Amino acid sequence: MQVKTILNHVGKHRSFVYESVRWAWVAGEPVIEATIRARANGHSRCSICGRVRPGYDTLAPRRFEFVPLWGIRVFLCYAPRRVNCPRCAVRVEALPWARGKHQVSDAYAWFLAGWAKRLSWKEVAEVFRTSWEKVFRSVEMAVEWGRAHQELSGIEAIGIDEIAWQRGHRYLTLVYQIDEGCRRLLWVGKERKVKTLLRFFRWFGKERSTALQFVCSDMWKPYLKVVAKKAKQAIHVLDRFHIMAHMGKAIDKVRAAEARELKAKGYAPVLKNTRWLLLKRPENLTEKQEPRLAELLEYNLRSVRAYLLKEDFQFFWNYVSPYWAGWFLDRWCTRTMRSRLDPMKTVARMLRTHRPLLMNWFRAKGAFSSGIVEGFNTKAKLTLRKSYGFRTYRAMEMALYHSLGALPEPELTHKFC
Ligand SMILES: [Zn+2]
């Protein structure tokens with residue numbers, strides 16, 4: 001069997017034929033080079049408008065990297081024609097195996113993009129002996145294709161989340177679809193301002209926005225404002241994950257201040273290394289942590305009181321009756337306001353201010369799982385962490401869509417990976 005036969009099996013293009021396959025040298029190593037020739041009776045198309053146009057002249061041969069065979073790099077070699085298009089002037093013809101000025105064939109770009117879901121971009125570049133830049137361009141191509149072809153109908157529930165990047169100095173706004181049957185990242189935007197979320201709704205479209213039934217987000221004011229304006233029919237739910245995160249931060253503040261105070265007064269450092277003991281749910285503690293927490297709870301510390309308030313609040317989410325949940329919430333806030341723990345009092349005040357949105361949790365119960373936003377938040381952070389080398393916002397944006405967007409892929413004649 002000849003390599004030509006294999007090439008015809010994995011990628012046959014009408015109007016073009018694989019002419020010959022031979023060894024060639026690229027960057028000091030032997031590679032397989034397959035020369036492509038245009039069929040004499042085939043059509044040449046304008047790369048701008050896609051219409052069949054008469055040929056104008058022929059350019060110098062170009063190489064397009066293809067999927068490697070048995071660890072040997074493969075290149076397609078073709079001398080593109082220019083066509084004379086009455087609409088677009090003299091242009092390079094459209095090539096069915098690569099787009100624009102890309103040096104990588106579509107098949108290879110999809111291959112690299114596929115691996116970039118499993119490995120970091122740097123690893124993909126190393127394994128396939130290509131550059132980081134080419135992996136990035138491949139992912140970009142996959143994301144652009146996927147976003148242009150994704151189905152956006154029937155979205156009923158979205159979750160809005162923000163994550164810090166660039167060492168916490170800047171934020172990204174992420175919008176997810178959190179419907180029962182379809183969960184994915186829909187949109188990424190710079191910053192977490194009013195205009196950020198307005199940009200999402202502009203992209204999402206008025207019709208789809210007014211069809212939303214549930215929006216889930218943090219108590220972040222710009223988000224609340226925009227959702228109230230752009231999706232006022234939707235039930236806006238403050239999600240559990242974000243509220244518990246606020247409490248976690250409050251406990252952290254209480255603990256840090258108290259630890260400093262104990263140290264200044266010369267007491268034993270009982271609060272040393274207790275951060276995770278106080279932030280984790282008790283059921284998630286390790287065997288070693290359990291007795292340490294029990295020991296810590298013996299002390300009458302401000303940190304312990306803050307911890308107990310947080311753990312007590314967990315009951316709120318389990319209520320079935322909104323009436324009793326409201327009663328519990330009010331009692332909890334009153335108790336916390338008397339606690340003399342300022343960071344916790346700030347949380348209680350925040351909850352009181354947003355009581356109606358908080359109570360929406362019970363109206364929306366069962367409609368979607370609130371754990372989804374938290375799960376996505378973890379995955380997004382992981383994507384960013386794996387991303388050493390994402391110097392630009394663009395690269396980071398592509399990585400997030402690529403790993404969390406559940407984007408569609410074209411039906412290819414052959415699946416390389
Ligand atoms: Zn044209």
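Rules used throughout
Residues numbered from 1 in each chain as written. Predicted model: local features only at pLDDT ≥ 70, side-chain atom pairs only at ≥ 80, totals over all residues. Heavy atoms only, no water. Helix = DSSP H or I, 4+ residues; strand = E, 2+ residues; numbered from the N terminus. Rg over C-alpha atoms; globule rule 2.2 N^0.38 Å. Buried < 20%, exposed > 50% of the residue type's maximum accessible area, 1.4 Å probe, protein only. Contact = heavy atoms within 4.5 Å. Areas by Shrake-Rupley, 256 points an atom, 1.4 Å probe, with all protein chains shown as cover. Salt bridge = Lys/Arg side-chain N within 4 Å of Asp/Glu carboxyl O. Donors = N, O, S within 2.8 Å, 3.2 Å for Na, K, Ca; no water. Tetrahedral: all angles 85-135°; square planar, octahedral: opposite > 155°, others 65-115°. Patch = residues over 30% accessible without salt bridge, like charges linked within 9 Å, V, L, I, M, F, W, Y side chains within 5 Å. Lys, Arg positive; Asp, Glu negative; His and termini not counted. Charge placed at Lys NZ, Arg CZ, Asp CG, Glu CD. Expected span 1.5 Å × (residues − 1). Arc of directions from axis to C-beta. Pairing = 2+ DSSP bridges. Axes fitted to C-alpha atoms, helices over the stretch in contact; angles between N-to-C directions.

## Thoughts on the overall build of the protein chain
1) Next: Check the secondary structure of the protein chain and you find 16 helices and 12 strands.
2) Next: Relative to the globule expectation of 22 Å for 417 residues, the C-alpha radius of gyration of the protein chain, 29 Å, shows a markedly less compact shape.
3) Next: In terms of overall dimensions, the protein chain has a C-alpha envelope of 85 × 50 × 35 Å along the principal axes.
4) Next: Considering the protein chain as a whole, with its 417 residues, one finds that 47% of them fall into the buried category.
5) Next: Contacts in the protein chain between residues far apart in sequence, at least 24 positions, make up 58% of those at least 6 positions apart.
6) Next: Of the roughly 22600 Å² of accessible surface on the protein chain, 54% is carried by carbon and sulfur atoms.

## Topic: the pattern of salt bridges
1) Next: Under the criterion given, the structure shown has 28 salt bridges.
2) Next: Across the pair R82 and D57 runs a salt bridge whose closest N-O atoms are separated by 3.0 Å. Separated by 25 residues along the polypeptide, R82 in strand 6 (residues 81-85) and D57 in strand 3 (residues 55-58) bring together distant segments of the chain.
3) Next: By relative accessible area, R82 is classed as partly exposed at 27%.
4) Next: The partly exposed category is assigned to D57, whose relative accessible area is 28%.
5) Next: Among the salt bridges present, the one from E283 reaches R281, with a minimum N-O distance of 3.6 Å.
6) Next: Given the relative accessible area of 23%, R281 is considered partly exposed.

## A few points about the coordination of the zinc ion
1) Next: The zinc ion binds to the protein through C46 (SG), C49 (SG), C85 (SG) and C88 (SG), with metal-donor distances spanning 2.2 to 2.3 Å.
2) Next: Of note is the zinc ion, whose 4 donor atoms meet at the metal with angles of 103 to 117° in an arrangement that counts as tetrahedral.
3) Next: Summarised as a motif, the one-chain spacing of the donors to the zinc ion is C-x2-C-x35-C-x2-C. You can see C46 sitting in the loop between strand 2 (29-38) and strand 3 and its partner C88 sitting in the loop between strand 6 and strand 7 (89-92), a full 42 residues away along the chain.
4) Next: C46 sits in the buried class, given a relative accessible area of 1%.
5) Next: On the basis of relative accessibility, which here comes to 11%, the residue C88 falls in the buried class.

## Let's talk about a positive patch on the surface
1) Next: On the surface, K190, K193, K195, R199, R202, K206, K225, K229, K230 and K232 cluster together to form a positively charged patch.
2) Next: Among the elements of the structure, helix 5 (194-204) and helix 7 (221-230) are those that each provide at least two residues to the positive patch.
3) Next: Residue position: K193 is located in the loop between strand 10 (183-190) and helix 5.

## Some points on helix 12 (residues 322-337)
1) Next: With 16 residues, helix 12 ought to run about 22 Å at 1.5 Å a step, and its terminal C-alpha atoms sit 22 Å apart, in line with that.
2) Next: Along helix 12, the residues classified as buried are A325, G326, F328, L329, W332, C333 and T336. Down the axis of helix 12, the sector holding all buried residues measures 160°, keeping them to one side.
3) Next: Close packing links the buried residues of helix 12 with helix 8 (240-265), helix 11 (302-313), helix 13 (342-353) and helix 14 (355-363).

## With respect to helix 14
1) Next: The set of residues buried in helix 14 consists of L358, M359, N360, W361 and F362.
2) Next: If you follow the buried residues of helix 14, they end up packed against strand 12 (235-238), helix 8, helix 12 and helix 13.

## Focus: the sheet that holds strand 4 (residues 62-69)
1) Next: One open sheet holds the 4 strands; their spatial order is 1-2-5-4, and the pairing between them is mixed. What marks the edges here is a single partner per strand, and that holds for strand 1 (16-26) and strand 4. For this sheet, the mean inter-axis angle between neighbouring strands, taken without regard to orientation, is 30°.
2) Next: Across 4 bridges, strand 2 lies against strand 5 (residues 72-78) in parallel orientation. The residue of strand 5 that forms the bridge with E33 is F75.

## Describing the environment of I163
1) Next: Inspection of the secondary structure assignment puts I163 in strand 8 (residues 157-165).
2) Next: The class for I163 is buried, based on a relative accessible area of 1%.
3) Next: Along the primary structure I163 and N377 are separated by 214 residues, whereas in three dimensions their C-alpha atoms are 7.5 Å apart.
4) Next: Each residue touching I163, except ones within four places of it in the same chain, is listed here: R170, Y171, L172, L174, N377, A380, K381 and L384.

## So, the pairing of strand 9 (residues 170-178)
1) Next: Within strand 9, 7 of the 9 residues are buried, leaving the element largely enclosed by the surrounding structure.
2) Next: For strand 8 and strand 9, the ladder comprises 8 bridges, and the chain directions are antiparallel. In the sheet register, I163 faces strand 9, and the bridge partner there is L172.
3) Next: Joining the antiparallel neighbours strand 9 and strand 10 is a turn of 4 residues.

## Regarding a nonpolar patch on the surface
1) Next: A grouping of Y323, W324 and W327 is seen on the molecular surface, where their side chains present a nonpolar patch of about 390 Å² in accessible area.
2) Next: Note on placement: W324 falls in helix 12.
3) Next: We classify W324 as partly exposed; its relative accessible area is 43%.

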